[in-house]
Amino acid sequence: MIPVRRWLPFAILVALLGGAAVVHIQRNLDAEMTVFHVEAQELYLTSGDWVKRLSLGYHGLLACLYWTRAVQHFGRQRLAHGEYRLLYPLLDITTTLDPELILAYRFGAVFLTEEPPSGPGRPELAIKLLEKGLQQNPAYWRFWYDIGFVYYRGFKDYQKASEAFYQGSEYPGAAPWMRIMAAKVAAEGGTRQTARALWQELYNSTDDPTIRASAELHLLGLRIDDEIEFLQAKVDHYIHVTRKVPSRWEDLFAAGLLPGRPLDPMGRPYRLKYDGTVLLDPQSRIFTSKLGWRE
Amino acid sequence: MQRVAAIALNTFREAVRDRVLYNLIVFALLLIGTAILFGEISIGIQTLILINLGLAAITFFGLAIAIFIGIGLVYKELDKRTLYALLSKPVRRYEFILGKFGGLALTLLINTAFMTAGFFLALYYVKRSFDAGDPPILVAIYFIFLQLLLATALALLFSCFSSPVLSAAFTLGLFLVGSFAADLKDLADALEAPWLEGVMRAIYYAVPNFSNFNVITAVAHGHSVPATLFWSNTAYAAVYITLVLLASMLIFQNRNLK
């Protein structure tokens, strides 16, 4: 038997050299294979029922994997401003595999409703998914909140949104604010205050950090809308009084209309265009709810 | 009974000597890795995936042990000729079969118990507490253990008259067919020819219905398991395992060992 101290240094050296060679070759291969690499944009099994049959009874586990794939697909397409082609089929398979996976219906509907390029902008599919959720979990009143939310945000159909909130409020155990929401949406339609109430409720209804962050961002967008509206009113007032378009914010605080340079919630100053329009700084990492992404 | 216990204990010791319990390390790493990974790449399913994957892993690790040790229980003794030494002592053939089954059942029990402990540790790590939805998970694990006993009995049966490779193929095949049992019944219902429907129904009742024991998705959502299902599954497993063991004893009793 060869003593360890004789072969060990040699073995370590071989392992290091061999390992380095494998990494080097693989890196070259990665570069060469890029042309052959197409993102897995296909679903080989499109029927949830078939996937369920083939799951050997472990459909709950597969549902988790399909849900993760849906989340990953949404995230990847959002970054690439892609097509979100697989989003609904993935959500459909997920919810067929595990009809009780409530978050797949709820957050899936939020994903589907997001307007392009942040999402596919398919509120009709969101409604379809939520109706499937209601069919499978008829006692879960929060689906009516989600349906109302999609009608409100995706279709801007305030009448239908109000009806959905009202229908949900009729459920035993439904939160009392559902009835208030129904009345508010029916009376005020697409006001910022209603939007704020809806996003706030979405924020409160989940513990998930991703969804909370999304709701928070939308709430921040609404706050920016408020601030821009306020600043625009000040600029318009300045123009009305002086008959001049202000070229800098300093003109407004010289006139006593503003106490200082207005900053957005991220700490960047708002922009004042040459024609007196108030805008968010394009460098700011947030967006207004009204104007869209980084407008 | 003492002789059966002695054979069972030796079978257990042999399994431990074969480092079968090493799979527990892989199991623990898999659970911890999954809990962390899915927390990063998915939304809201950390607990759900942990329960689903944890229980599926207990099943498949256990099944691998049940099949790959079960198929060698008789064959190995024959191959090494240790069986002749054993049977030359006052040990009946049926006692040998019962002892082998008992030994592997004990191995699986210990293995499942450790995996259950690891699983609940991982669950506590993710949830930071236990709640009322957790006890049904123990019932699901009990059902998994029943599945493993059933698979062990089948592997032992095939081991009595076939080679290890074929025994593994037969046992795995029956596990797959048994997992699709509910579909066999659906197929029987859909068939129009009465004789074909009868054949399909006969197959449905003949194959071990492994799908009976799978309540993983339900307990992952915190649903409780009805007491009737608990007792029905226990009775089903007891009767089926008894029948398979009786068949094994009969085959082994009549097997020419010369």
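For the structure, see preceding data.
Quick look at the structure, then. All values reported here derive from a predicted model rather than from experimental measurement.

1. Here we look at the overall build of chain A
- Each helix and strand in chain A was counted, giving 12 helices and two strands.
- Listing every helix and strand of chain A by position from the N terminus yields α-α-α-α-α-α-α-α-α-α-α-α-β-β.
- Since a compact globule built from 295 residues should have a radius of gyration of about 19 Å, the 27 Å found for chain A marks it as more spread out than a globular shape.
- By its C-alpha atoms, chain A is 100 × 55 × 35 Å across when sized along the principal axes.
- Within the span of chain A, comprising 295 residues, buried residues form 42% of the whole.
- For chain A, contacts bridging at least 24 residues in sequence account for 54% of all contacts bridging at least 6.
- Looking at chain A as shown, the accessible area adds up to about 16400 Å², and 58% of this sits on carbon and sulfur atoms.
- Of note, chain A has its 34 positive side-chain charges centred 5 Å away from the centre of its 33 negative side-chain charges.

2. Digging into the overall build of chain B
- The secondary structure content of chain B amounts to 12 helices and zero strands.
- Element order for chain B, N to C, with α for helix and β for strand: α-α-α-α-α-α-α-α-α-α-α-α.
- Relative to a compact globule of 258 residues, whose C-alpha radius of gyration would be 18 Å, chain B shows 20 Å and is just as compact.
- Along the first, second and third principal axes, the C-alpha atoms of chain B reach 60 × 55 × 30 Å.
- Burial analysis of chain B (258 residues in total) assigns 48% to the buried set.
- Pairs at least 24 apart in sequence give 80% of the contacts found in chain B among residues at least 6 apart.
- In the structure as shown, chain B presents an accessible area of about 12400 Å², 69% of it carried by carbon and sulfur atoms.
- Taking the average place of the 17 positive charges on the side chains of chain B and the average place of its 13 negative ones, the gap between the two points comes to 18 Å.

3. What to know about the pattern of salt bridges
Residues and elements named next belong to chain A.
- Following the criterion strictly, the structure yields 18 salt bridges over all chains and no others.
- Between E124 and R122 there is a salt bridge, and its shortest N-O distance comes to 2.4 Å.
- Overall, E124 belongs to the partly exposed group, its relative accessible area being 35%.
- The closest approach of N and O atoms between R179 and E170, which form a salt bridge, is 3.0 Å.

4. Concerning the interface of chain A and chain B
- Taken together, the 23 residues of chain A in the interface contact 24 residues of chain B.
- When the two sides are added together, the surface that chain A and chain B hide from each other amounts to roughly 2000 Å², 66% of it contributed by carbon and sulfur.
- Viewed at the interface, chain B and chain A are joined by one salt bridge.
- Close ionic contact of D183(B) with R53(A) constitutes a salt bridge, the shortest N to O distance being 2.8 Å.
- Applying the counting rule to chain A against chain B returns six residue pairs in polar contact (both at pLDDT 80 or more).
- Where the side of chain A that touches chain B is concerned, the elements lending two or more residues are α2 (48-54), α3 (59-80), α5 (102-113) and α11 (209-242) of chain A.
- When grouped by side-chain class, the residues that make up the side of chain A that touches chain B number 13 nonpolar, six polar and four charged.

5. A few points about the packing of aromatic side chains
- Summed over the entire model, instances satisfying the criterion amount to 25 aromatic pairs over all chains.
- With a centroid separation of 4.9 Å and an interplanar angle of 20°, the aromatic rings of Y142(B) and F230(B) are classed as stacked. Here Y142(B) is found in helix α7 (residues 135-159), whereas its partner F230(B) is found in helix α12 (residues 227-254), with 88 residues between them in sequence.
- The rings of Y58(A), F60(B), F175(B) and F210(B) are connected pair by pair, giving a single aromatic cluster.
- Lying across the ring of F252(B), R93(B) places its NZ or CZ 5.8 Å from the centre.

6. Observations concerning the nonpolar core
- Membership of the largest hydrophobic core comes to 141 residues, with the highest contact counts inside it found for W67(A), F165(A), L55(B), I97(B), F119(B) and I137(B).
- In terms of residues, this core owes the most to one element, α7(B), which gives 17 residues.
- Setting aside anything within four residues of it in sequence, one finds I97(B) in contact with V74(B), L156(B), C160(B), L245(B), S248(B), M249(B) and F252(B).
- I224(A), Y238(A), L257(A) and L272(A) belong to the second largest nonpolar core, which has 13 residues in total.

7. Considering the packing of helix α3 (residues 46-70) of chain B against helix α8 (residues 164-179) of chain B
All names here are of chain B.
- Here α3 crosses α8 at 145°, and the two axes come no closer than 10 Å. In terms of crossing hand, the pair formed by α3 and α8 is right-handed. Side by side, α3 and α8 meet where F60, L63, I67 and F68 of the first sit next to A168, T171, L172 and F175 of the second.
- Considered class by class, the residues forming the contact of α3 with α8 number seven nonpolar, one polar and no charged.

8. Details of a nonpolar patch on the surface
Residue and element names in this part refer to chain A.
- Where nonpolar side chains cluster on the molecular surface, the patch consists of I2, V4, W7, L8, I12 and L16 and spans about 580 Å² of accessible area.
- Examined against the element boundaries, I2 turns out to sit in the segment before α1 (4-33).
- On the basis of relative accessible area, I2 is assigned to the exposed category, the value being 52%.

9. Considering the side chain of N209(B)
- Examined against the element boundaries, N209(B) turns out to sit in the loop between α10 (194-206) and α11 (216-220).
- For N209(B), the side chain forms a polar contact with the side chain of S211(B), separated by 2.6 Å.

The rules behind each value
- Residues numbered from 1 in each chain as written.
- Chains lettered and ligands numbered in written order.
- Predicted model: local features only at pLDDT ≥ 70, side-chain atom pairs only at ≥ 80, totals over all residues.
- Heavy atoms only, no water.
- Helix = DSSP H or I, 4+ residues; strand = E, 2+ residues; numbered from the N terminus.
- Rg over C-alpha atoms; globule rule 2.2 N^0.38 Å.
- Buried < 20%, exposed > 50% of the residue type's maximum accessible area, 1.4 Å probe, protein only.
- Contact = heavy atoms within 4.5 Å.
- Areas by Shrake-Rupley, 256 points an atom, 1.4 Å probe, with all protein chains shown as cover.
- Lys, Arg positive; Asp, Glu negative; His and termini not counted.
- Charge placed at Lys NZ, Arg CZ, Asp CG, Glu CD.
- Salt bridge = Lys/Arg side-chain N within 4 Å of Asp/Glu carboxyl O.
- Buried area = accessible area lost by both parts, 1.4 Å probe.
- Polar contact = N/O pair within 3.5 Å; in protein donor to acceptor, adjacent residues only side chain to side chain.
- Nonpolar A, V, L, I, M, F, W, Y, C, P; charged D, E, K, R; others polar.
- Phe/Tyr/Trp six-rings, centres within 6.5 Å; stacked < 30°, edge-to-face > 60°.
- Lys NZ or Arg CZ within 6 Å of the ring centre and 35° of its normal.
- Core = buried A, V, L, I, M, F, W, Y, C linked by side-chain atoms within 4.5 Å.
- Axes fitted to C-alpha atoms, helices over the stretch in contact; angles between N-to-C directions.
- Left-handed = near helix turned anticlockwise from the far one by under 90°.
- Patch = residues over 30% accessible without salt bridge, like charges linked within 9 Å, V, L, I, M, F, W, Y side chains within 5 Å.

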